[in-house]
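Observations on the three-dimensional arrangement
The chain contents come next:
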Amino acid sequence: MRMRKTLFTTIAILSLAACSGVDQTASEFDLAESEAAGSDAGVARDAAMASMAPPTEQATGEIPVSRPQIAYNYDYGFRLPSSEIPTAQQKHIGLCNQLPANGCRVLNMSNSGGEAEYASGRLHLEVAAPKARAFGEQLAAAIDESGGSQIAASITGEDLSKQIVDTEARLRSRELLSKRLTELLRTRKGTVAELVEAERAVTDVNEEIDRARSWLKEMRGRVAYSKVIINYQSNAPGSGGFSQPIREAFGDIAATLGYSVAALVTLVAIVFPWILLLALVIYLRRRFKSTDRTFWGRAIEPTAVQED
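In this report, the structure presented in the accompanying data block is examined. (Residues numbered from 1 in each chain as written. Predicted model: local features only at pLDDT ≥ 70, side-chain atom pairs only at ≥ 80, totals over all residues. Heavy atoms only, no water.)

**Overview of the packing of aromatic side chains**
All told, the structure shown has 4 aromatic pairs when counted by the stated rule. With 6.5 Å between their ring centres and 10° between their planes, Tyr74 and Tyr76 make a pair best called stacked. Aromatic pair Phe78 and Tyr232: ring centres 6.4 Å apart, planes at 35°, arrangement tilted. Taken together, the residues span a long stretch of sequence, with Phe78 in strand β1 (residues 70-79) and Tyr232 in strand β5 (residues 225-233) at a distance of 154 residues. In this structure Phe78 comes out as buried when scored by relative accessible area, which is 1%. You can call Tyr232 buried: its relative accessible area is 2%. The ring of Tyr225 has Arg105 lying over it, and the distance from NZ or CZ to the ring centre is 3.9 Å. (Phe/Tyr/Trp six-rings, centres within 6.5 Å; stacked < 30°, edge-to-face > 60°. Helix = DSSP H or I, 4+ residues; strand = E, 2+ residues; numbered from the N terminus. Buried < 20%, exposed > 50% of the residue type's maximum accessible area, 1.4 Å probe, protein only. Lys NZ or Arg CZ within 6 Å of the ring centre and 35° of its normal.)

**Section: the sheet that holds β1**
Strand order in the open sheet made by the 5 strands is β2-β3-β5-β1-β4, with mixed pairing throughout. The outermost strands of the open sheet, each flanked by one partner alone, are β2 (104-112) and β4 (149-159). For this sheet, the mean inter-axis angle between neighbouring strands, taken without regard to orientation, is 10°. Strand direction decides the pairing type here: β1 and β4, joined by 10 bridges, are antiparallel. (Pairing = 2+ DSSP bridges. Axes fitted to C-alpha atoms, helices over the stretch in contact; angles between N-to-C directions.)

**Thoughts on a negative patch on the surface**
On the surface, Glu197, Asp204, Glu207 and Asp210 cluster together into a negatively charged patch. Inspection of the secondary structure assignment puts Glu197 in helix α7 (residues 192-224). (Patch = residues over 30% accessible without salt bridge, like charges linked within 9 Å, V, L, I, M, F, W, Y side chains within 5 Å. Areas by Shrake-Rupley, 256 points an atom, 1.4 Å probe, with all protein chains shown as cover. Salt bridge = Lys/Arg side-chain N within 4 Å of Asp/Glu carboxyl O. Lys, Arg positive; Asp, Glu negative; His and termini not counted. Charge placed at Lys NZ, Arg CZ, Asp CG, Glu CD.)

**A look at the pairing of β5**
In this sheet, β5 lies alongside β1 in parallel orientation, the contact comprising 7 bridges. Its bridge partner lying in β5, Arg79 is registered against Gln233.

**Quick word on helix α4 (residues 85-98)**
Taking 1.5 Å per residue as the helical rise, α4 with its 14 residues ought to reach 20 Å, and the 20 Å between its terminal C-alpha atoms agrees with that figure. What α4 keeps buried is the set Ile85, Ala88, Gln89, His92, Ile93, Leu95 and Cys96. All buried residues of α4 project into a common sector of 155° when viewed along the axis, lining one side. Exposed residues lying more than 90 degrees from the buried face of α4 are Asn97 and Gln98. Taken together, the buried residues of α4 touch β1, β2, β3 (120-128), α5 (129-145) and β5. (Expected span 1.5 Å × (residues − 1). Arc of directions from axis to C-beta. Contact = heavy atoms within 4.5 Å.)

**Digging into the state of the cysteines**
Two cysteines form a disulfide when their sulfur atoms are joined by a covalent bond. This structure, assessed with the given rule, holds 1 disulfide. Across the disulfide from Cys96 sits Cys104; the S-S distance is 1.9 Å. Residues Cys96 and Cys104 are joined by a disulfide whose S-S torsion is about -110°; by sign, that bridge is left-handed. Cys96 sits in the buried class, given a relative accessible area of 2%. Note on Cys104: relative accessible area 14%, which makes it buried. (Disulfide = S-S within 2.5 Å.)

In structure tokens form, the structure reads like this:
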């Protein structure tokens, strides 16, 4: 009877957990462990966590302070001659490759434009967090060697400490619950319906565990590796000086002519059908009007014959 009661209690706990939805997101892992409070699984969890706590924490009751878990994003902008953008990108990739193993990785690189025209580029890196800030200084030094300059820089961070701690606590409680349910199934006590329900509950708990582990791994990866975005751009050709407006005017001639032709084509497309319709109306009117009436339908008065 006690085993059956425990089994029913465990299944009820899992039913409450399942009500939160199958597609549980990271915010749902931030919920308190109230579902397991008062149950045998909650007691086992508290005992296990107490046994794993350091002796000083058990003796004094003080809560240890964990180091903040912050995910940093670095954004840099550089201006340099258009022909030097591909070279600067390769230099920055070389600096990335010079870092120790797994210290930096290239995720994406792109550039557009070329010599004698406006050009731009973009490089997306992930750098080990402890080396990210010093790596940014190396990027700026490499641009100086290419005759460019830094025009933008920003650092943003997101504190993931609470999410990581809550997810770890959620994961520990679910792992203990999974072990307890597995032990209940191993003893093979209870009715067939109870065992089937317990198997479903174990499956649901294991799915929650997999999602928690995946989300925890992603957050830890964001903390371990900082995102570094590098944007490159060049000055527009012929920028500055007395000749700039003249060159821009000559450059706009083709575009202006194209707009004029496009406007003319649009006007013809709008007016031409109405011209055809008007011509058809005039033709039909002249073709079928009475000979004793004008085009507008008024009667023609006979002219008197002048006598000699």
